[in-house]
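The chain contents come next:
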Amino acid sequence: MFQIGFLEIAIILILGLIIIGPSRLPEVIKTWLKFYKKFQNHLTKFKNELEKDIGTDELKKDVFNEMRMEELEGFEKEKDD
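Student: When you look at a nonpolar patch on the surface in this model, what are you seeing that I'm missing?
Tutor: Side chains of Leu7, Ile11, Ile14, Leu15, Ile18, Ile19 and Ile20 sit close together on the surface and give an oily, nonpolar patch of about 720 Å² of accessible area. Within the secondary structure, Ile14 sits in helix α1 (residues 6-19).

Spelled out as C-alpha cells, the structure:
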C-alpha cells in the first residue's frame, strides 16, 4: 500500500525517539499498528461487501466469456483465411 523505504522508516523512528521518547515509543508503535490493522480490516470488509452488492463476480465472468468468444471468432477467421 505504502512504498516506504528503509531510509524513510529510519527517519521516522529517529524522529519518534526524539519527540516521543524511548520509553513511550514501543507503546505508540503498537497502538498505531493496531489502529492500522483495524482500519485495513474495515476497508477490506467494505470492499468485499461493495463487490458483492454490485455483482463483480458476474461482471468478471461476462468479461471473461466475451474475451473467449472474441478469441474463438479470431481463430475461426484465421482458419477460414
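Now that the structure has been shown, the text picks up again.
Student: Looking at this model, I keep getting lost on the pattern of salt bridges. Mind explaining?
Tutor: Side chains bearing opposite charge may pair, as long as their charged atoms lie close to each other. Counted by the stated rule, this structure contains 1 salt bridge. The closest approach of N and O atoms between Glu71 and Arg68, which form a salt bridge, is 3.0 Å. Of this pair, Glu71 and Arg68 both sit in helix α3 (residues 56-80), separated by 3 residues, roughly a single helical turn. By relative accessible area, Glu71 is classed as partly exposed at 37%.

Student: Please explain a negative patch on the surface as it appears in this structure.
Tutor: Among the surface-exposed residues, Asp57, Glu58, Asp62, Glu66, Glu70, Glu73 and Glu76 lie close enough to one another that they form a single negatively charged patch. For Asp62, the position within the fold is in helix α3.

Student: Whenever I open this one, the confidence of the model for the protein confuses me. Can you help?
Tutor: Regions with low pLDDT should not have their predicted coordinates read in detail. Model confidence for the protein is summarised by a mean pLDDT of 86, while 95% of its residues fall at 70 or above. For the protein, α3 is the element with the lowest average pLDDT, namely 80, and helix α2 (residues 25-54) is the one with the highest, namely 91.

Student: Can you help me understand the layout of surface pockets in this one?
Tutor: Here the idea is plain: a probe the size of a water molecule rolls over the atoms and shows the empty space left. Here the largest pocket defines a volume of roughly 510 Å³. Lining the largest pocket are 14 residues, with Ile12, Leu13, Ile29, Trp32 and Leu33 sitting closest to its centre. Put simply, the parts of the chain that give the lining of the largest pocket at least two residues each are α1 and α2. By residue number, the principal contributor to the lining of the largest pocket is α2, which donates 6 residues. Tallied by class, the residues present in the lining of the largest pocket amount to 13 nonpolar, 1 polar and no charged.

What counts, and at which threshold
Residues numbered from 1 in each chain as written. Predicted model: local features only at pLDDT ≥ 70, side-chain atom pairs only at ≥ 80, totals over all residues. Heavy atoms only, no water. Patch = residues over 30% accessible without salt bridge, like charges linked within 9 Å, V, L, I, M, F, W, Y side chains within 5 Å. Areas by Shrake-Rupley, 256 points an atom, 1.4 Å probe, with all protein chains shown as cover. Salt bridge = Lys/Arg side-chain N within 4 Å of Asp/Glu carboxyl O. Helix = DSSP H or I, 4+ residues; strand = E, 2+ residues; numbered from the N terminus. Buried < 20%, exposed > 50% of the residue type's maximum accessible area, 1.4 Å probe, protein only. Lys, Arg positive; Asp, Glu negative; His and termini not counted. Charge placed at Lys NZ, Arg CZ, Asp CG, Glu CD. pLDDT = per-residue confidence, 0-100. 1 Å grid on protein atoms, 1.4 Å probe; cavity = no way out; pocket = protein on both sides within 12 Å on 5 of 7 lines; lining within 4 Å. Points joined across faces, edges and corners; volume = space filled by probe spheres on them. Nonpolar A, V, L, I, M, F, W, Y, C, P; charged D, E, K, R; others polar.

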